[in-house]
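Structure at a glance
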Amino acid sequence: MAIITDPIADMFVRMKNAISRKYHEVVLPHSNKKEEILAIIKKEGYIVDYEVLQPSESNHFKQLKITLKYKGLNQNQSAISGIKRVSKPGLKVYSSAEKLPRVLSGFGTAIISTSKGLLTDKEARKANVGGEVVAFIW
């Protein structure tokens, strides 16, 4: 089994791979930070839902099950056009409240880790707080 050095980037890659294969669900290992990120992604309308799967006999760890959202005439176009990890374990990216990034001129969402918890770029601007830029999603 491979050691995952960046679990958030792993979550994004699993979501991208599932989208490219037109899967409707993705299951991955649980962490509180991933759950917080998924709560923001759900609130912003990029996924249908997510749920925490409790440990079972076959799997001794908690897992997250993400239900992906598709739109369009035949429900074949993902609500997520792109998702990118910005701050990595080897290179943290920080931004002040005045210089928070805008994703696609406001059509996308930046996820910011602030002293008030994980917030979208719009919420962080409103609260006038900066922090670590975790990811972009559009």
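About the thresholds
- Residues numbered from 1 in each chain as written.
- Predicted model: local features only at pLDDT ≥ 70, side-chain atom pairs only at ≥ 80, totals over all residues.
- Heavy atoms only, no water.
- UniProt positions renumbered as here; feature names shortened; annotations may be inferred.
- Helix = DSSP H or I, 4+ residues; strand = E, 2+ residues; numbered from the N terminus.
- Rg over C-alpha atoms; globule rule 2.2 N^0.38 Å.
- Buried < 20%, exposed > 50% of the residue type's maximum accessible area, 1.4 Å probe, protein only.
- Contact = heavy atoms within 4.5 Å.
- Areas by Shrake-Rupley, 256 points an atom, 1.4 Å probe, with all protein chains shown as cover.
- Lys, Arg positive; Asp, Glu negative; His and termini not counted.
- Charge placed at Lys NZ, Arg CZ, Asp CG, Glu CD.
- Pairing = 2+ DSSP bridges.
- Axes fitted to C-alpha atoms, helices over the stretch in contact; angles between N-to-C directions.
- Core = buried A, V, L, I, M, F, W, Y, C linked by side-chain atoms within 4.5 Å.

As recorded in an unreviewed UniProt entry, the protein goes by Small ribosomal subunit protein uS8 and comes from Metamycoplasma cloacale. According to its UniProt record, the protein has this under Function (unreviewed entry): "One of the primary rRNA binding proteins, it binds directly to 16S rRNA central domain where it helps coordinate assembly of the platform of the 30S subunit." Under the Sequence similarities (unreviewed entry) heading, UniProt states for the protein: "Belongs to the universal ribosomal protein uS8 family."

**Remarks on the overall build of the protein**
The number of helices and strands found in the protein is three helices and 10 strands. Starting at the N terminus and ending at the C terminus, the protein contains elements arranged as α-β-α-β-β-β-β-β-β-β-β-α-β. Here the C-alpha radius of gyration of the protein, 15 Å, is about what a compact globule of 138 residues would show, namely 14 Å. With the C-alpha coordinates aligned to their principal axes, the bounding extent of the protein is approximately 50 × 40 × 25 Å. When burial is assessed residue by residue, the protein has 40% of its 138 residues classed as buried. Restricting to contacts in the protein with at least 6 residues of sequence separation, those with at least 24 account for 58%. Taken as a whole, the protein presents about 8300 Å² of accessible surface, with 53% of it coming from carbon and sulfur. Across the protein, the 22 positively charged side chains and the 13 negatively charged ones have centroids separated by 7 Å.

**A look at the sheet that holds strand β2 (residues 47-53)**
Within the open sheet, the three strands sit side by side as β1-β3-β2. Their pairing is antiparallel. The sheet terminates laterally at β1 (25-29) and β2, the two strands that pair on one side only. Put simply, the sheet's adjacent strands are angled 20° from each other on average, direction ignored. Relative to strand β3 (residues 63-68), β2 runs antiparallel, the two sharing six bridges. The partner of L53 across the bridge, within β3, is Q63. This element, helix α1 (residues 7-20), spans β1, β2 and β3 of the sheet and lies at about 160° to β1. Packing of helix α2 (residues 32-43) onto the sheet brings it into contact with β1, β2 and β3, and relative to β2 it is tilted by some 155°.

**Regarding the nonpolar core**
F12, M15, I37, L38, I41, I47 and I66 are the most contacted members of the largest nonpolar core, which totals 26 residues. Elements with a minimum of two residues in this core: α1, β1, α2, β2, β3 and β10 (131-137). When residues of this core are assigned to their parent elements, the largest contribution, six residues, is made by α1. In this structure, M15 is in contact with L38, I47, I66, L68 and I80, ignoring residues within four places of it in sequence. Core analysis: the next-biggest nonpolar cluster, separate from the first, contains 10 residues, A110, A124, V129 and F136 among them.

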